Structures are given as C-alpha cells and as structure tokens.
Amino acid sequence: MVGGGGSGGLLENANPLIYERSGERPVTPGEEDEQVPDSIDAREIFDLIRSINDPEHPLTLEELNVVEQVRVQVSDPESTVAVAFTPTIPHCSMATLIGLSIKVKLLRSLPQRFKMDVHITPGTHASEHAVNKQLADKERVAAALENTHLLEVVNQCLSARS
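Cut-offs used in this document
- Residues numbered from 1 in each chain as written.
- Predicted model: local features only at pLDDT ≥ 70, side-chain atom pairs only at ≥ 80, totals over all residues.
- Heavy atoms only, no water.
- UniProt positions renumbered as here; feature names shortened; annotations may be inferred.
- Pairing = 2+ DSSP bridges.
- Helix = DSSP H or I, 4+ residues; strand = E, 2+ residues; numbered from the N terminus.
- Right-handed = clockwise from strand over helix to strand, strands pointing away.
- 1 Å grid on protein atoms, 1.4 Å probe; cavity = no way out; pocket = protein on both sides within 12 Å on 5 of 7 lines; lining within 4 Å.
- Points joined across faces, edges and corners; volume = space filled by probe spheres on them.
- Nonpolar A, V, L, I, M, F, W, Y, C, P; charged D, E, K, R; others polar.
- Buried < 20%, exposed > 50% of the residue type's maximum accessible area, 1.4 Å probe, protein only.
- Arc of directions from axis to C-beta.
- Contact = heavy atoms within 4.5 Å.
- Core = buried A, V, L, I, M, F, W, Y, C linked by side-chain atoms within 4.5 Å.

- An unreviewed UniProt entry lists the chain under the name Cytosolic iron-sulfur assembly component 2B, from Nannospalax galili.
- For the record of the chain, the UniProt heading Sequence similarities (unreviewed entry) holds the text "Belongs to the MIP18 family."

Here it is, written out as structure tokens:
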C-alpha cells in the first residue's frame, strides 16, 4: 500500500475508511491463575496482530479493518492458526508485506508447535493467489527475512507507534 514503483510516492489509498478499535479484552480469574493451563484462542491471536502498523498510513491493521477477530481461526489442540486479512484496496501493492508482518508477529509470539496459515480473504485482492503462494512458502519467507531492508520495514510495522 506504499506508493512506489513509478507512482511518484503517491498513496494508493489516500483516504481509507477508519474503523473503531475494539475494546481491550478483560482478563478472567482463570487466565490469571498460573496453575491453570491457558489455551490460545482467536481473541489472543487477534490481540497479537491488531496493533500491527499499516505500511502506508499511521494507522493499525485493526483501524483499517485489514484484520478482524472473526477472520482468525485457532485450534490449540491441533496447534494451528489461520488468519485471513483484507487489504484496503483490491490492487494493494503492499499486501505481501502486510501478510509477512502478520506472519512474523505470530512466529515471534507463538510456541514453535503452531502451524500458521496467513492468507488474503478470498475475493478481496487482484493477486490473492500469488500473494498467498508467497506467504505459504516457508523458504521464500525465510529468504525475505534475510533481506535487511525488508526486515527493517517489517520491524517498523511491528513496532509500537510513538
């Protein structure tokens, strides 16, 4: 979603719709009890990814409705997490970067036993098949994270806004 590649630095989506952030999840007594195993659920995953910064706007993925809790699926017993994200426009050039940022946040936050599927919400992007293929390719993701510049951009998306 960052203007580049001949666009003269213009924003692809200069006036995105901004959505209200959902409230913080109240902590239950069961979650505070260290003796009780705490399973990972969709809200916990959503809480991890909701504050990821959009690469184009000074807004979070939640504020742009790129991620929503209803598009997060988790099976703690099967150690699987699936996140569907929706770019703000069908030709978003930064869809792969957004998906990579979500994937990196999950890789850094979840136990290694989890298998992650980060993909574009079906029918919401012109190149969804190509982007999904890139995000599903472990070797491609690993190579991308070896690129210092790309890793720096991902880290900016994951850093807290000041």
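### Details of the pairing of strand β3 (residues 115-120)
Thinking step 1. Here strand β2 (residues 80-85) runs beside β3; their pairing, made up of six bridges, is parallel. Following the sheet pairing, V81 is matched in β3 by M116.
Thinking step 2. For the crossover that starts at β2, traverses helix α3 (residues 95-109) and ends in the parallel β3, the hand is right-handed.

### Considerations on the layout of surface pockets
Thinking step 1. Roughly 320 Å³ of internal volume is contained in the largest pocket.
Thinking step 2. Looking at the largest pocket, it is lined by 14 residues, and the ones nearest its centre are K103, L107, F114, M116 and K138.
Thinking step 3. Looking at the lining of the largest pocket, the elements that each hand over two or more residues are α3, β3, α4 (128-136) and α5 (138-146).
Thinking step 4. Take the lining of the largest pocket: its biggest share by element is four residues, from β3.
Thinking step 5. Its residues assigned to classes, the lining of the largest pocket shows nine nonpolar, one polar and four charged.

### Observations concerning α4
Thinking step 1. Of all the residues in α4, the buried ones are V131, N132 and L135. Buried residues of α4 fall within an arc of 100° about the axis and therefore sit on the same side. Residues H129 and K133 are exposed on α4 and point more than 90 degrees away from its buried face.
Thinking step 2. Packing partners of the buried residues in α4 comprise β2, α3, β3 and α5.

### Points about the nonpolar core
Thinking step 1. Counting residues in hydrophobic clusters, the biggest one holds 34 residues, and the most contacted among them are F85, I102 and L106.
Thinking step 2. When residues of this core are traced back to their parent elements, those giving at least two are α2 (42-49), β2, α3, β3, α4, α5 and α6 (148-158).
Thinking step 3. When residues in this core are grouped by element, the largest group, seven residues, is from α3.

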